[in-house]
Structures are given as C-alpha cells and as structure tokens.
Amino acid sequence: MIERPRGTRDLDPAYLARHGHVESAFRRTAVAFGFREVLPPTIESLDLFHAKAGPGIEAEMYAFKDKGGRDVVLRPEFTAGVLRHYVNDLRSAPKPVKLYSLGPVFRYEEPQKGRYREFWQFSSEVIGGSPLDADAEVVALAVQSIRNAGVRQIETRIGHIGMLRSYLKVPKERQNGILHALDKRNFERLHAELDAAGLLDVEDTLKDLITLRGGPEVLAKASDLLGGVGTEGFDHLRRVLDRLAAYGVRDGLVFDMGIIRGLAYYTGMVFQIHSPNLGAEDQVGGGGSYALAELFGGEPIFSTGFALGTDRIVLASEVEGVPAAPHKLDAYVIPIGEGVRTRAFEIAATLRGTGLAVDIDLVGRGPSKNLDYANAVGARWAVLVGEKELAAGNVALRNMETGDQREVAVAQLASELGMDKPRFGGVEFR
Ligand code: HAM
C-alpha cells in the first residue's frame, strides 16, 4: 500500500459535494460584492515570502530547490502572490482593485482535525480603497460569504495591530518577533523578545491588553492601558463597527485586543472569525489591512483583505446540519442485447445533452444485474432499451423507487424525465 503524504486527504464525492457548495457560495458572494477572480501560480519563488509573511509562515513552508537550483515554495497563501501580480501588472488599473482567489495552499504544519498540510482558501483583497470603506467591505464580504454557505454560528473578533505597533517603539522586525510570541501566547518567548528589545517594562501591559474582549467599552479600556497611544486605531474600529451595520452585519461582532495574527505584514485593523463547533482549530477565517505592495517594488497603497479556510467552513456546515446536495443520477440506460448497444449510447448521449445526469452500462451486464446496479448507484429512472420496443420507436422507462414500468416513445423520453429540449449542443432527438 502506498500511503498519502502526511497532512493530505483524498477528498471523496460526499466531501466534495459540500466543498463545491461552499466554494460556489464564496464565488457568488464575491461576484455580488464586485470582486474579480485571479489565480497566482501554485509554485512561487521563495523570495516572495521570505521574511514578508514572518516567522509564522516561514517555518511552515514547503520550500525546496527546483531542478534549475532556484528556491521555490508551494504557495502558503494567496495574498503575497496577488500583491505581486498587482504591482507587476495591475498598478495602473482603476482603484480600488478588488480581487479574490480560490484554491489549495500548502503549509508544513503538525496535522490534526481541521489542520492540514494541503488545505483550501477563499482569499480576497481590496487594494487602494479608503481604510474605513475598504476594511468594512472586506469584513462584510467575509461574514456574508460564510452566511451564504449556510453557516450561521460564527463570532467575528476585530482588533487593531497598528496601535500595538505604535506602542512598541522599536523597528518593525523587532515588533514582529514580539507580536508573533504574543499571537502564539508564548510568554517565555515574549519575555525573551521584550528583553532583547529593551522593552521589559511593557510586558504586563501587553499581557493585560490581549485579554480584553467585548463591546465598545473594551476600546476605552485598551486606550487607557496604552496610556493614550493608538487613539486613531480605536476610533477607526468604532467607525468600522457602525459601517458594518449598514451591511446588515451586526450579530456576533466583538472587539478583541488579543487578535494579533501570525503573518507579519499586518499594519492596522485585524480580524478573525471563529466557529464554536470546531474544537481546537476553530478559526475559520482571518485578515486585516497590510503593507505589501511597497515590499514588491510598488508604491505604498492601502490594502486590506482576508482568507477563509474552506475546509473549516465545510466542517462547520456539516456540524450545523447544512443540507449537502445529494449525488444526483437521473437515469441509467440499460441496453438489452448486443444489437441495441449503439442505439442505447445514442439515447444516453441525447439525454446527457439536455443536462440530465445519465449513466449507461459499460460492462455488458444482463438486465437484472443492471437493475441492481442502477439501484446501488441511486438512479431515479432506468431506461431499458430492447429490440422489440425500439422497433416501435419506444423504450421501457422504470421508476426505480416504485418499480412501475411503462413504454414511452424515445422522442418523449427527455420530457418524461423533466427536460423538454436539448441544451449544451446535445444530439437532437430522433
Ligand atoms: P491565515 O489566517 O493564515 O490568513 O489563513 C486563513 C484561514 O485559513 C485561517 O483562518 C484558517 O481558517 C485557514 N487555515 C490556516 N491554516 C490551515 C490549515 N493548516 N489547515 C486548514 N485550514 C487552515 C491568511 O492566509 C492571509 N493571507 C489572509 C489575508 C488575506 N490577509 C489579508 N489578506
């Protein structure tokens, strides 16, 4: 037996039915919000991520040398690739540039339920909007996308990393080490980072700050703790909350000063969306505003976005009992005897052309074995193609649920199955 690589999955039809439903809800919502789809490559150069995404990602990347000796990685996220694409190709596009991507990403993490080495993201970016308008737009898109996937039980936690950065008066790389330790709640590491930065005096304040979570009163408390630093950030969060109400996004929103985010590029508002139904890996999405364009050779430009973990939304939708589209097979065509096989394939092709889901015997079984098979694969109808009936222009149509069987004209078959005319350029009925 050959095993799958650790942290990967074989996605089966039942899972993919849910996954497809979730992804199409994401795509529909992004389009409704005026976003356009882009897809950066699966393989990126290491440079794109080196030090930009920060220690959280760097340690977790699938990085290797290709046959030409170049350092490459499997993309661990979309944001860096999309911003590279923006800087290289879309800089002169009318602003804001609103983009989304769907697909697999790769991280070399310790696998567990809900945490994989290959997983799927729905990622969106607004490049070049005003901070209030764009931040609220991306939070609203994230929440609405999850709702449209049928998942209701979520909490959206909104924080601000900008005020923390302005509080930590050390260079950005030093800040990143501190913020990363704070994000992981690794207090030993935090102590060491603060010590190295000469900032041990703020250790208690930081630890207190990240426990603050709740309504707008939290912002006043946080502001007090930081001695008035970061007022602008807190005002921004109040306005984002007001604006979200205009989108109909009111429930399940909290301010959370403990939202730090693992990726190093965040500069302002940050947010995470959690499901109460997923155990340890309960974060179904996250994002915020960031500075990346200037790192890739562009002008500094306000950018904000998020990514949802598609797999985790699929899991949440299962726990919440969101109905998944059942496997659909409208008809199974059964040729009775060698002489009618070609005609049976024509009939199957015609039905398929109408958009019906149609299967046909591919092994040459006898009629009763074929009926067993039709039953096993859940076909609604069996179409029995026999020589005698065909001579009269008919086939036998069997309702697999009731067992009722009657003759119908081949020309009437599609309408009997609920389709009146060929679509998708199918073969005409005859
Ligand atoms: P992230 O928080 O690293 O953000 O990932 C987004 C989401 O991907 C997480 O909230 C989680 O649901 C899911 N996720 C992360 N790791 C795994 C894993 N190992 N297995 C399954 N799901 C996982 C980003 O990737 C940023 N690029 C988001 C962003 C876009 N920020 C600004 N623009």
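Residues numbered from 1 in each chain as written. Predicted model: local features only at pLDDT ≥ 70, side-chain atom pairs only at ≥ 80, totals over all residues. Heavy atoms only, no water.

Draft legend 1. Here's a closer look at the overall build of the protein. Along the protein, the regular secondary structure elements total 16 helices and 17 strands. Its C-alpha atoms give the protein a radius of gyration of 28 Å, more than 25% over the compact-globule value 22 Å for 430 residues. Principal-axis analysis of the C-alpha atoms gives the protein an extent of 95 × 50 × 45 Å. Across the 430 residues that make up the protein, the buried fraction comes to 53%. Of all intrachain contacts in the protein linking residues separated by at least 6 positions in sequence, the fraction that spans at least 24 positions is 68%. Roughly 19900 Å² of accessible area belongs to the protein as shown, and the carbon and sulfur atoms make up 51% of that amount. (Helix = DSSP H or I, 4+ residues; strand = E, 2+ residues; numbered from the N terminus. Rg over C-alpha atoms; globule rule 2.2 N^0.38 Å. Buried < 20%, exposed > 50% of the residue type's maximum accessible area, 1.4 Å probe, protein only. Contact = heavy atoms within 4.5 Å. Areas by Shrake-Rupley, 256 points an atom, 1.4 Å probe, with all protein chains shown as cover.)

Draft legend 2. Summary view of the sheet that holds strand β7 (residues 155-160). An order of β1-β5-β6-β12-β11-β10-β7-β9-β8 is seen for the nine strands of this open sheet, with the pairing classed as mixed. Either end of the sheet is taken by a strand with one partner, and the two such strands are β1 (36-37) and β8 (213-214). Running over the sheet, helix α4 (residues 79-90) touches β5 (97-106), β6 (118-127), β11 (283-290) and β12 (303-309) and is turned about 40° from β6. (Pairing = 2+ DSSP bridges. Axes fitted to C-alpha atoms, helices over the stretch in contact; angles between N-to-C directions.)

Draft legend 3. Focus on the site of the ligand. Inspection of the region around the ligand gives 26 residues, with E77, T79, E109, Y266 and Q283 positioned closest. At 3.0 Å, a side-chain N or O of Q121 approaches an oxygen atom of the ligand. Between a nitrogen atom of the ligand and a side-chain N or O atom of R312, the distance comes to 3.4 Å. Put simply, the ligand lies in the largest pocket. Contributions of two or more residues to the shell around the ligand are made by β6, β11 and β12. Top contributing element to the shell around the ligand by residue count: β11, with seven residues. Class assignment of the residues belonging to the shell around the ligand gives a composition of nine nonpolar, 10 polar and seven charged. (Near = heavy atom within 4 Å. Polar contact = N/O pair within 3.5 Å; in protein donor to acceptor, adjacent residues only side chain to side chain. 1 Å grid on protein atoms, 1.4 Å probe; cavity = no way out; pocket = protein on both sides within 12 Å on 5 of 7 lines; lining within 4 Å. Sits in = over half its atoms within 2 Å of the grid points. Nonpolar A, V, L, I, M, F, W, Y, C, P; charged D, E, K, R; others polar.)

Draft legend 4. Examining unusual backbone geometry more closely. With omega at 0°, the peptide bond leading from K95 into P96 counts as cis. Relative to the assigned elements, P96 resides in the loop between α4 and β5. Positioned with a positive phi, R185 is a non-glycine residue whose angle comes to about 55°. Counting through the fold element by element, R185 comes out in the loop between α7 (172-183) and α8 (187-197).

Draft legend 5. Layout of empty space enclosed by the protein. Taken as a whole and assessed by the stated rule, the structure comprises one cavity of 30 Å³ or more. Estimated volume of the largest cavity: approximately 60 Å³. Surrounding the largest cavity, 11 residues form its lining, N176, R261, G262, L263 and A264 being those nearest its centre. Put simply, the parts of the chain that give the lining of the largest cavity at least two residues each are α6 (161-167) and α7. No other element matches the three residues that α7 contributes to the lining of the largest cavity. (Points joined across faces, edges and corners; volume = space filled by probe spheres on them.)

Draft legend 6. Quick peek at the confidence of the model for the protein. Of the residues in the protein, 97% have a pLDDT of 70 or more, and the chain-wide mean is 93. The low-confidence segment residues 423-430, where pLDDT is below 50, has 21 contacts with residues more than four positions distant or belonging to other chains. (pLDDT = per-residue confidence, 0-100.)

Draft legend 7. Molecular detail of the packing of aromatic side chains. Applying the stated criterion to the full structure yields nine aromatic pairs. Their ring planes at 55° and their centres at 5.4 Å tell us that Y265 and Y290 sit as a pair that is tilted. With Y265 in the loop between β9 (253-256) and β10 (266-274) and Y290 in strand β11, the pair connects residues that are 25 residues apart, well separated along the chain. We note that Y265, like Y290, is buried. (Phe/Tyr/Trp six-rings, centres within 6.5 Å; stacked < 30°, edge-to-face > 60°.)

Draft legend 8. Quick peek at the packing of helix α1 (residues 13-32) against helix α5 (residues 131-148). Two elements in contact, α1 and α5, have axes separated by 8 Å at closest approach and are oriented at 140°. Regarding the angle of α1 to α5, the classification is oblique. Read as a crossing pair, α1 and α5 show a hand that is right-handed. Along its contact with α1, which presents A25, F26, R28, T29 and A30, the element α5 presents L141, Q144, S145, I146 and N148. Looking at the contact of α1 with α5 residue by residue, the classes come out as five nonpolar, four polar and one charged. (Parallel < 35°, antiparallel > 145°, perpendicular 65-115°, else oblique. Left-handed = near helix turned anticlockwise from the far one by under 90°.)

Draft legend 9. Representation of the sheet that holds strand β2 (residues 43-45). Strand order in the open sheet formed by three strands is β2-β4-β3, and the pairing between neighbours is antiparallel. Across the chains shown, the open sheet's two edge strands, defined by having one partner strand only, are β2 and β3 (62-65). Taking each pair of neighbouring strands and ignoring which way they run, the sheet shows an average axis angle of 35°. The sheet contact formed by β3 and strand β4 (residues 71-74) spans four bridges and is antiparallel. From the neighbouring strand, Y62 faces β4, where its bridge partner is L74.

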